[in-house]
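Below, each chain spelled out in residue letters.
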Amino acid sequence: MVHRLNRIEGQIRGIKGMVEKDVYCDDIITQLSVTQSALNSVVKVLLDGHLKGCVKNRLAGGDDEALDELLIIITKLMKK
């Protein structure tokens, strides 16, 4: 996970450099799209772990509030 985030951080720095150098907009947009895909990949991994770990364990312990929290997270993701 940290490796992925470090790579994304590098991509963001690269995009910032492109903006500072006034690189052609299409190229910047392409890099932003690649970076967004990388972020989405991190979200998928985290959500998978959250569902299979935290949510599953809380539900097994009778904590139904875990579902409400999960719905809030999903709603936030859908707004993007």
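Bear in mind that the values here come from a model prediction, so they are computed numbers and not experimental data.

Draft legend 1. Seen up close, the confidence of the model for the protein. The pLDDT averaged across the protein works out to 95; a share of 99% of its residues lies at or above 70. For the protein, the element scoring lowest by mean pLDDT is helix α3 (residues 65-78), at 93; helix α1 (residues 2-20) scores highest, at 97.

Draft legend 2. Summary view of unusual backbone geometry. Phi at D22 is positive, roughly 60°, even though this residue is not glycine. Note that D22 resides in the loop between α1 and α2 (25-60). Residue classification places D22 among the exposed positions, given a relative accessible area of 69%.

Draft legend 3. Quick peek at α2. The first and last C-alpha atoms of α2 sit 50 Å apart over 36 residues, in line with the 52 Å expected at 1.5 Å per residue. At H50, α2 is deflected by roughly 40°, the largest bend along its length. Among the residues of α2, I28, T35, V42 and V55 are the ones counted as buried. Looking at the packing, one finds that the buried side of α2 touches α1 and α3.

Scoring rules and cut-offs
- Residues numbered from 1 in each chain as written.
- Predicted model: local features only at pLDDT ≥ 70, side-chain atom pairs only at ≥ 80, totals over all residues.
- Heavy atoms only, no water.
- pLDDT = per-residue confidence, 0-100.
- Helix = DSSP H or I, 4+ residues; strand = E, 2+ residues; numbered from the N terminus.
- Buried < 20%, exposed > 50% of the residue type's maximum accessible area, 1.4 Å probe, protein only.
- Expected span 1.5 Å × (residues − 1).
- Bend = angle between axes of the 7 residues up to and from the residue.
- Contact = heavy atoms within 4.5 Å.

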